[in-house]
Amino acid sequence: MSERFIDTPRGRMGESLLLQGRVIRALMLRQALSRFGHDNLGVFWIFAEPLLLAGAVMLMWTVAGLNKGHGVGIVPFVLASYSLLTLWRGTCSASIRALRANADLLYHRNLRLLDILIARIALDSLSGFAAFTVAYIVLNLFGAVRDVDDALVMAGGWLLLTWFGWSFGLIVSALTELFEPAEHFVPPFLYITLPMTGAFYMVLWMPPSVQEVVMWSPIVHIFEMFRGGMFGQQYAADWSVMYVAGWCVAQMAIGLPLLRLAQHRYTTG
Amino acid sequence: MMLAIFGTPSQLTYWVMNTARLAAEVINGPMAVLTANTIDELRVRWAERGHKPVLFHADTPKRDLVELFLRIPGEAIVVIEALDEVVWFTRATRGLDPQTALRFATRSVCTLEDLLARSGVWSIDGGILDLSLVSFSDLLIDRLFSRSTPDECAEMRDKILAYNSDCLNVRQAVDKFVKVTLADRHERSVSGLFLQGDVAKAANVFEACFHHGVPRSMIWPPGVFVKMSDLSYLEGPIDLTGPARVLIGGHSLSLPRGLWRATVEISVSDNMSGNTILSDIFAEDRPVCAGVTSLPSKGTFSYEMEFECSDPYYPIIFRISTMEGAIEGALNLNHVQFQQIG
Amino acid sequence: MTGAPQVLIQNPSPAATATPIVASRCIRAVNLIKEYHTPVGVKRVLDGISFEVAQGEKIGVFGSNGAGKSTLMKLIGGVETPTSGVIERGLTMSWPIGLAGGFAPTMSGLDAIRFIARLYGAPQGHAAEQVDDFAELGRYLQLPISTYSSGMRARLMFGLTLIANFECLLIDEVLSVGDQRFRKKCHEELFVKRADKAMILISHDQGIVREYCQQALVLKRGRGRVFDDLDLAISIYRTL
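Computed from a prediction, not measured in an experiment: that's the story for all the values here. (Residues numbered from 1 in each chain as written. Chains lettered and ligands numbered in written order. Predicted model: local features only at pLDDT ≥ 70, side-chain atom pairs only at ≥ 80, totals over all residues.)

### A word on the overall build of chain C
Counting its regular elements, chain C contains nine helices and eight strands. Taking the intrachain contacts of chain C between residues at least 6 apart in sequence as the baseline, contacts between residues at least 24 apart amount to 73%. (Helix = DSSP H or I, 4+ residues; strand = E, 2+ residues; numbered from the N terminus. Contact = placed C-beta atoms within 7 Å.)

Written out as structure tokens, the structure is:
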């Protein structure tokens, strides 16, 4: 590729980072405005959704008389699964043809596609975590959930999923841009891999042979880590941050060049 | 009495005219020379002539006049000389440039050609130059004045021989006649007045098709065409860059009457952004054929156009125009071949 | 604009820290080729376009529909990358002036102003003032862009480009929209107040190109050629 872009003036590394920080912040605010609008109803629903879910689950299980099961409360289990799954699915769906959706923004010379993708996931991650936290605190006040065991591990798990979802999103963005039919494979893929997320079970509930299989999934590691922080490590399988990080790095190694290629090939018409 | 002499505007024609007039005046007394190329001209001049007998002359008759003469009986001479003879003579006597001279010459040859088919026509060409003057005057008297008395015939012969004294044959007589007519101009540069380069080549191919009969075919080199941007004669490729416009025009030469096929060969280079060219053929100012061709980015290709030449009086003009503005590309006209197909 | 204009338009990339390239003060395109992959094969939309605009110079771009103008604009704007060829941006370059993209309809005019001001590091209060001086939207600035008329939108979009102090303006037919007053104001902002800026002016308006440009790029079927003789360029464009 003989293409070469020279954008002047070049600055020092520090200036670059500062600029990128400013750009991402601007993008996040723009994103937030377009997502939530000016009336605060949008923000309200972000926080209301997990609470509604928790309420519905509590109601169902109370009616069925199954309030306790397998050592952890069903409400916090569902709340955690729901929040993590929302973040994961959100990243994947929003990555579909992200280049096309944001093409007009790219006219701003100090802004790159990567900035857009980072800004979006950062907003998703922040709002998701805030929603989860608010819901958890509310439920905790009502005594529906216990105190968390290790908030730092939970936050780490959440960050890890953010990283994983973002790096996976790079590949999705690139592939859906390079091959138009690819976007139709994303929803089925998300559905089929649902069992591999650990959203509907805890690994320790499984027989050891099944445990071995599901622990291949990096998302299961993240879910276990998050719930480990929430309920205590005795309820979680042996998750490994390094294993997930390895996946993330591998996905970035594939996703970034692929995205570059997609951007190179990209045409609006 | 009317004596008609058709001929190319060249030395032999004028000598023959002069000689025939000497002979005819023996019978008719002083004659008026009446030159006309159309019926209208003829009508006007005829009215102007008074009551004198007429020596009619035409060098490039229009179709209506040709048809009139084809219908009426009577003696007539048609002199057709070689093209280069016509060209140098018209250049010397009328100061024409080579292309204009060639255009005039082809118009004359092509319009006169049809008269050769008329009954009673005495056709004269360069072959007559080697006849002795005595034989020529006998031939002339025999062809034109066969009903005259022997006395009149003898007087005619004497007059012709006396006018051309010291000359053994027709060639010498014509030379002497021309020297008198052109005076010093003739001495200066007869050779420089002959055609050169592409124009000479064009004249040769043109002439060849009169001598070798059917099928008539001739290839015109690019140098007889004109580059319309500065009206200079075509030399090498033309840059297409510029607005849509007429690129090439020419050659403005007459073709013999009939159906013709023009095969145009052009070379295109560096024409990456494409273009469409319009090729059209006019008989003077009347379009007779047009076609549109899409130009490739490069390469040599040819295309054909068919048209009818109904009156050789009107010169054939072939043009190439671009139909779109161009930012690049060059077009070279390799040649245009004209082939008679009917 | 206040602040540090030089840093605004910089594009951080890995190469930036390694070898700072001192580009000459111009926008230069060298042999740009752009190919699209279509179901019927590869289509070459731009084929060997080269031109150069130095500081303060103005170049007009002519071309009939389908000649590659919009693709060229996308390449210059950096939205798409050329299949091969080089674009050197030695001047800070605007996005296409008047381009009505990149703003969600739920955003208000003020949101858009803040976004651009943040993106280019301009003080927001001043930016809002500056834009509204031009756009004259008043209280409409508080309302979502989706409620604007096309004229209001055009005024806002043009106003936004005034926030950042670009050295080279990319102008695509902005002068052909809007009413007489809007066009007059655009004209004033571009050709009077910013007469010292470089411009790439994609326009059907031969008069404007003749008046303000030093050269013209004529596009035809993806090919392009720069003419210093504007009259020749215009005569070609007229019969394209």
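Let's pick the thread back up.
### Quick look at the overall build of chain B
Looking only at helices and strands, chain B has ten helices and 16 strands in total. When its C-alpha atoms are laid out on the principal axes, chain B stretches across 80 × 40 × 35 Å. The buried share of chain B, taken over its 342 residues, is 40%. Relative to all contacts within chain B whose residues are 6 or more apart in sequence, the contacts with residues 24 or more apart total 75%. (Buried ≥ 20, exposed ≤ 12 C-beta atoms within 10 Å, placed from the backbone.)

### Digging into the sheet that holds strand β5 (residues 121–124) of chain B
Residues and elements named next belong to chain B. Taken together, the five strands give an open sheet; going across it, the order is β2-β3-β1-β4-β5, and neighbouring strands pair in parallel fashion. Strands at the two margins of the open sheet, each flanked by one partner only, are β2 (32–35) and β5. Taken over all neighbouring pairs, the strand axes of this sheet differ in orientation by 20 degrees on average, direction set aside. Bridge count between strand β1 (residues 2–7) and strand β3 (residues 54–58): five bridges; the pairing is parallel. (Pairing = 2+ DSSP bridges. Axes fitted to C-alpha atoms, helices over the stretch in contact; angles between N-to-C directions.)

### Some remarks on the interface of chain B and chain C
By a frequent convention, interface size equals the accessible area lost on bringing the separate parts together. Residue-level contacts link eleven residues of chain B with 13 residues of chain C. Residue composition of the side of chain B that touches chain C, by class: five nonpolar, four polar and two charged. (Nonpolar A, V, L, I, M, F, W, Y, C, P; charged D, E, K, R; others polar.)

### Looking at the sheet that holds strand β6 (residues 198–202) of chain C
Residue and element names in this part refer to chain C. Taking strand neighbours across the sheet as the criterion, the five strands line up as β5-β6-β3-β7-β8 in an open arrangement whose pairing is mixed. In the strand order of this sheet, the two ends are held by β5 (168–172) and β8 (223–227), each with one partner. Each strand of the sheet is rotated relative to its neighbour by a mean of 15 degrees, with strand direction disregarded. The pairing of strand β3 (residues 58–63) with strand β7 (residues 215–220) spans five bridges and is classified as parallel. Along β7, the bridge assignment pairs phenylalanine 62 with valine 218. Packing of helix α3 (residues 69–77) onto the sheet brings it into contact with β3, β5, β6 and β7, and relative to β5 it is tilted by some 155 degrees.

### A closer look at helix α3 (residues 63–71) of chain B
All names here are of chain B. Within α3, burial applies to Leu65, Val66 and Phe69. Buried residues of α3, seen end-on, are gathered within an arc of 100 degrees and therefore sit on one face of the element. Exposed side of α3, more than 90 degrees from the buried face: Glu67 and Arg71 are the residues found there. Those residues of α3 hidden inside the fold are in contact with β1, α2 (39–48), β3, β4 (76–79) and α5 (98–113). (Arc of directions from axis to C-beta.)

### Describing the arrangement of the chains
The interface with the highest contact count, out of two pairs of chains in contact, is the one between chains A and C. Taking C-alpha atoms as the reference, chain A and chain B come no closer than 21 Å and do not contact one another.

### Some remarks on the domain arrangement of chain B
All names here are of chain B. Domain assignment breaks chain B into domain 1 (2–189) and domain 2 (197–340). For domain 1 versus domain 2, the distance between C-alpha centres works out to 35 Å. Counting from both sides, the interface comprises 18 residues of domain 1 and, opposite them, 17 residues of domain 2. Among the secondary structure elements, those contributing two or more residues to the side of domain 1 that touches domain 2 are α4 (83–94) and α5. The element that contributes the greatest number of residues to the side of domain 1 that touches domain 2 is α5, accounting for ten residues. Grouping the amino acids of the side of domain 1 that touches domain 2 by side-chain chemistry returns seven nonpolar, four polar and seven charged. (Domains from an automatic or database assignment.)

### Some details on the pairing of β7(C)
Residue and element names in this part refer to chain C. When you tally the buried positions in β7, you get five out of six residues, the bulk of the element. Of the strand pairs in this sheet, β7 and β8 are connected by five bridges, and their pairing is antiparallel. When the sheet's bridge partners are listed, leucine 219 is paired in β8 with glycine 224.

### Comments concerning the packing of helix α3 (residues 74–95) of chain A against helix α9 (residues 218–231) of chain A
Residue and element names in this part refer to chain A. Packing of α3 against α9 leaves a shortest axis separation of 11 Å and a crossing angle of 140 degrees. Between α3 and α9, the angle is such that the two are oblique. α9 is crossed by α3, and the crossing has right-handed handedness. Facing Pro76, Ala80, Leu84 and Trp88 of α3, the residues of α9 in contact are Ile219, Phe223, Phe226, Arg227 and Met230. (Parallel < 35°, antiparallel > 145°, perpendicular 65-115°, else oblique. Left-handed = near helix turned anticlockwise from the far one by under 90°.)

### Some thoughts on the nonpolar core
Judged by nonpolar contacts, the single largest core of 228 residues is most densely connected at Ile163(C), Cys168(C), Ile200(C) and Val218(C). With 13 residues, the single largest contributor to this core is helix α6 (residues 151–178) of chain A. When residues of this core are sorted by domain, at least three fall in each of domain 1 (2–189) and domain 2 (197–340) of chain B. (Core = buried A, V, L, I, M, F, W, Y, C linked by C-beta atoms within 7 Å.)

### Topic: helix α1 (residues 11–28) of chain B
For α1(B), built from 18 residues, the straight-helix expectation of 26 Å at 1.5 Å per residue is met to within 8% by its first-to-last C-alpha distance of 25 Å. Within α1(B) the residues assigned to the buried category are Gln11(B), Leu12(B), Thr13(B), Tyr14(B), Trp15(B), Val16(B), Thr19(B), Ala20(B), Ala23(B), Ala24(B) and Val26(B). (Expected span 1.5 Å × (residues − 1).)

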